[in-house]
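# A structural walkthrough
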Amino acid sequence: MLSEMDDRDDIKSSISTVLPDLPESILNIVEETLQSLGVGTIDDFQFVQEADLLCVLRPIQARKLVASWKQTCSEMFGDFIAVVFKSCLNSCLLCYTVNTNNDYTPFEK
């Protein structure tokens with residue numbers, strides 16, 4: 001139950017960060033609209049499209065929200081890829097060494 005409240009606060013906060021002048025009543029309607037679409041966490045924002053918000057926001061407001069969420073998701077995804085790549089690279093370097101013939105052979109302990 002507490003987690004759901006935290007998720008709602010995160011959703012509301014992410015909306016008001018991008019649209020700080022949005023009246024509280026509209027903010028609540030946007031939050032309800034997102035929940036009715038299936039948005040449960042901020043990770044779900046990557047699936048929201050501008051058209052999903054046009055029933056409650058003006059086009060520019062909807063574009064701002066979607067653009068902000070896409071940028072945030074892209075940054076998060078990019079960081080994830082970088083971590084995975086670095087981890088794989090480190091694993092490969094630990095497992096293999098280049099011998100004098102420039103072909104890869106398993107590292108021997």
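This section reports on the structure supplied with the text. (Residues numbered from 1 in each chain as written. Predicted model: local features only at pLDDT ≥ 70, side-chain atom pairs only at ≥ 80, totals over all residues. Heavy atoms only, no water.)

## Here's the deal with the nonpolar core
Within the largest apolar cluster, 16 residues are counted, with the highest numbers of intra-cluster contacts made by I15, L34, L53, L57, L65 and W69. Listing elements by their share of this core, those giving two or more residues are α1 (2-18), α2 (24-37) and α4 (59-95). Top element by residues in this core is α4. It accounts for 4 residues. (Core = buried A, V, L, I, M, F, W, Y, C linked by side-chain atoms within 4.5 Å. Buried < 20%, exposed > 50% of the residue type's maximum accessible area, 1.4 Å probe, protein only. Helix = DSSP H or I, 4+ residues; strand = E, 2+ residues; numbered from the N terminus.)

## Some words on the environment of L27
By the element assignment, L27 lies in helix α2. Residue classification places L27 among the buried positions, given a relative accessible area of 6%. Considered as a pair, L27 and S16 are 11 residues apart in the sequence and their alpha carbons are 7.4 Å apart. Ignoring any residue separated from it by four or fewer positions in sequence, one finds L27 in contact with K12, I15, S16 and L22. (Contact = heavy atoms within 4.5 Å.)

## A word on α2
Over its 14 residues, α2 extends 20 Å from the first C-alpha to the last, a length consistent with the 20 Å expected when each residue adds 1.5 Å. Buried within α2 are the following residues: L27, V30, E31, T33 and L34. Taken down its axis, α2 places every buried residue within 160° of arc, on the same side. Projecting away from the buried face of α2 at angles above 90 degrees are the exposed residues E32 and S36. Following α2 by one or two positions, G38 has its phi on the positive side, about 110°. (Expected span 1.5 Å × (residues − 1). Arc of directions from axis to C-beta.)

## Points about the pattern of salt bridges
Counted by the stated rule, this structure contains 3 salt bridges. With a shortest N-O distance of 3.1 Å, E50 and R63 are connected by a salt bridge. With E50 in helix α3 (residues 50-53) and R63 in helix α4, this pair connects stretches of sequence that are 13 residues apart. The network of salt bridges with shared partners includes K12, E24 and E31. (Salt bridge = Lys/Arg side-chain N within 4 Å of Asp/Glu carboxyl O.)

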